[in-house]
Amino acid sequence: MIVVAGEALIDLVPSQQPSPDGPLPALLPRRGGGPYNTAVALGRLGAPTAFCSRVSTDTFGASLLRGLRDGGVDTSLVQRGPEPTTLAVADISPDGSAGYGFYVEGTADRLFTLPPALPEAVRALSLGTCSLVLEPGAGAYEALLRREARRGVFTALDPNIRPGLIPDPDAYRARFRSWLPDLALLKLSEEDALWLAGTGVGQPRADRATVLAAAREWLAAGPAAIVLTHGGDGLTVVTRGGGELAVPGERVTVVDTIGAGDTVNAALLHRLDVHGALSYAAVGALTDGDWEDILRFAARAAAVTCSRAGAEPPYATELTA
């Protein structure tokens, strides 16, 4: 079983592109949150998956749990609370990319507490996004990461940086570096890597060199592999053993990019499992051919998500045609 731990929230997505001279578009509620989307995507791919979080007892919370169950995700590790559900207001650019404004004060997911030891059947733990930023829950998720890593569970992290939620960037960067010894797999976007490296976005080629240099520095601190996403340009993996492989993105008409990175998280974990590589040592033994298969599968899955509105990851049958 793969456990995904982190926030579940409601995205409020504009029903259409706003017009400067027209009325504001209606905001449509969609189930979301990086870890939540990752869990649903894993369930749709057929991977035995459980979600570990704290979810409100309000109407939105009930809908979030229903979405997990509909996707075949085990909810027995979900804590409940009367506080409201976190809201994320999406701003969709003409190219389909999404920015967010968050309403997080006093919400249920922030009050997550460290659960007892996870079931023995758990082989992998995935974390990321807001849940590792917002206290007091962030400390509990961090403790979960460290505890499970030290008992041999395969651990994966997608920081999925939301700068507006991080009051002290340097403190967060230091905290991020402290997680590296407890990670087997780090996945992050090129933009997030630049932010974590403490550099701005400049020329693409210079950015790519900066990202790869930062990735190699982070590899030396712990992870067996780092997967970098480049939007529509594909993915790159760099490994602790010195390997590097890139694959192009899948061409698709983009509706929006909501949930694309989360779909990549799920696809990577699922395909690593197919290759029998949900362990630190097994990741280190993967060949270039193995990684090409894994990355192409992730690119294909993300393209399907981008082809439709909101975080709607593909089912396994959509990727086998």
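The structure displayed is predicted, hence computed values, not measured ones.

Participant: Go over the overall build of the chain, please, and point to the residues and values.
Facilitator: A tally of helices and strands in the chain yields nine helices and 13 strands. Relative to the globule expectation of 20 Å for 321 residues, the C-alpha radius of gyration of the chain, 18 Å, shows essentially globular dimensions. Principal-axis analysis of the C-alpha atoms gives the chain an extent of 55 × 45 × 45 Å. Carbon and sulfur atoms make up 54% of the accessible area of the chain, which amounts to about 13,200 Å² in all. Distance from the positive charge centre (27 side chains) to the negative charge centre (36 side chains) of the chain: 3 Å.

Participant: Give a description of the packing of helix 1 (residues 34-45) against helix 2 (residues 59-70) that names residues and reports values.
Facilitator: Close contact between helix 1 and helix 2 brings their axes to 9 Å; oriented N to C, the two are set at 30°. Accordingly, the angle class assigned to the pair helix 1 and helix 2 is roughly parallel. Counted together, Tyr-36, Ala-39 and Val-40 of helix 1 and Ser-63, Leu-64, Gly-67 and Leu-68 of helix 2 form the full contact between these two elements. For the contact of helix 1 with helix 2, a count of residues per class yields five nonpolar, two polar and no charged.

Participant: Talk me through the pairing of strand 5 (residues 74-81); I want residue IDs and the actual numbers.
Facilitator: With six bridges connecting them, strand 4 (residues 49-56) and strand 5 associate as parallel partners. The partner of Ala-50 across the bridge, within strand 5, is Asp-74. Handedness of the crossover is the feature at issue here: the chain leaves strand 4, passes through helix 2, returns alongside strand 5, and the resulting connection is right-handed.

Participant: For the pattern of salt bridges, give the residues involved together with the corresponding values.
Facilitator: Here the structure, examined in full by the defined rule, presents 19 salt bridges. Measuring nitrogen to oxygen at the nearest pair gives 3.1 Å for the salt bridge that ties Arg-44 to Glu-312. Of this pair, Arg-44 sits in helix 1 while Glu-312 sits in the segment after helix 9 (288-306), placing them 268 residues apart in sequence. With a relative accessible area of 15%, Arg-44 lands in the buried category.

Participant: Before we move on, can you summarise the packing of aromatic side chains with the specific residues and values?
Facilitator: This model, assessed by the stated rule, comprises five aromatic pairs. Aromatic side chains Tyr-172 and Trp-179 sit 5.8 Å apart centroid to centroid with 80° between the ring planes, which places their arrangement in the edge-to-face category. With respect to class, Tyr-172 is no different from Trp-179; both count as buried. The ring of Trp-195 has Arg-173 lying over it, and the distance from NZ or CZ to the ring centre is 4.3 Å. In this structure, Arg-271 packs its charged tip against the face of Phe-297, placed 4.5 Å from the ring centre.

Participant: Describe the packing of helix 1 against helix 7 (residues 260-274), with residues and values.
Facilitator: Two elements in contact, helix 1 and helix 7, have axes whose closest approach is 8 Å; the angle formed by their N-to-C orientations is 45°. As the angle between them shows, helix 1 and helix 7 are arranged oblique. The two elements helix 1 and helix 7 meet at a crossing, and its hand is right-handed. Of the residues in helix 7, those touching helix 1 at Gly-34, Asn-37, Thr-38, Ala-41, Leu-42 and Leu-45 are Asp-262, Thr-263, Asn-265, Ala-266, Ala-267, Leu-269 and His-270. Looking at the contact of helix 1 with helix 7 residue by residue, the classes come out as six nonpolar, six polar and one charged.

Participant: Describe helix 5 (residues 190-197), listing the residues and the values that go with them.
Facilitator: Buried residues dominate helix 5, accounting for six of its eight residues. Turning to helix 5, its buried residues are Glu-190, Asp-192, Ala-193, Leu-194, Trp-195 and Leu-196. Phi turns positive, to about 80°, at Gly-198, one or two residues after helix 5.

Participant: Before we move on, can you summarise the nonpolar core with the specific residues and values?
Facilitator: In this structure, Phe-51, Phe-154, Leu-272 and Trp-291 are the most contacted members of the largest nonpolar core, which totals 52 residues. At nine residues, helix 9 tops the list of elements feeding residues into this core. In this view, Phe-51 contacts Val-4, Gly-6, Glu-7, Ala-8, Pro-35, Tyr-36, Ala-39, Leu-68, Val-73, Asp-74, Leu-77 and Val-78; residues no more than four positions away in its chain are not counted. Of all hydrophobic cores here, the second largest spans 44 residues; its members include Ile-166, Tyr-172, Leu-186 and Ala-214.

Participant: If you had to explain unusual backbone geometry to someone new, which residues and values would you point to?
Facilitator: Backbone torsion omega between Glu-135 and Pro-136 reads 5°, so that peptide bond is classified as cis. Its identity is not glycine, yet Thr-129 carries a phi of approximately 65°, on the positive side. Assignment of secondary structure puts Thr-129 in the loop between strand 8 (124-128) and helix 3 (137-150). The backbone phi angle of Asn-160 is positive, close to 45°, even though this residue is not glycine. Considering the arrangement of structural elements, one finds Asn-160 in the loop between strand 9 (154-158) and helix 4 (169-179). On the accessibility criterion, Asn-160 (13% relative accessible area) is buried.

Participant: Hey, could you go over the pairing of strand 4 for me, with residue numbers and the actual values?
Facilitator: With eight of its eight residues buried, strand 4 lies for the most part within the structure. Both faces of strand 4 are covered, namely the face carrying Thr-49, Phe-51, Ser-53 and Val-55 and the face carrying Ala-50, Cys-52, Arg-54 and Ser-56. Direction of pairing for strand 1 (residues 2-5) relative to strand 4: parallel, over a ladder of four bridges. Following the sheet pairing, Ile-2 is matched in strand 4 by Thr-49.

Rules and cut-offs
Residues numbered from 1 in each chain as written. Predicted model: local features only at pLDDT ≥ 70, side-chain atom pairs only at ≥ 80, totals over all residues. Heavy atoms only, no water. Helix = DSSP H or I, 4+ residues; strand = E, 2+ residues; numbered from the N terminus. Rg over C-alpha atoms; globule rule 2.2 N^0.38 Å. Areas by Shrake-Rupley, 256 points an atom, 1.4 Å probe, with all protein chains shown as cover. Lys, Arg positive; Asp, Glu negative; His and termini not counted. Charge placed at Lys NZ, Arg CZ, Asp CG, Glu CD. Axes fitted to C-alpha atoms, helices over the stretch in contact; angles between N-to-C directions. Parallel < 35°, antiparallel > 145°, perpendicular 65-115°, else oblique. Contact = heavy atoms within 4.5 Å. Nonpolar A, V, L, I, M, F, W, Y, C, P; charged D, E, K, R; others polar. Pairing = 2+ DSSP bridges. Right-handed = clockwise from strand over helix to strand, strands pointing away. Salt bridge = Lys/Arg side-chain N within 4 Å of Asp/Glu carboxyl O. Buried < 20%, exposed > 50% of the residue type's maximum accessible area, 1.4 Å probe, protein only. Phe/Tyr/Trp six-rings, centres within 6.5 Å; stacked < 30°, edge-to-face > 60°. Lys NZ or Arg CZ within 6 Å of the ring centre and 35° of its normal. Left-handed = near helix turned anticlockwise from the far one by under 90°. Core = buried A, V, L, I, M, F, W, Y, C linked by side-chain atoms within 4.5 Å.

These values are about where atoms sit, not about what they do.
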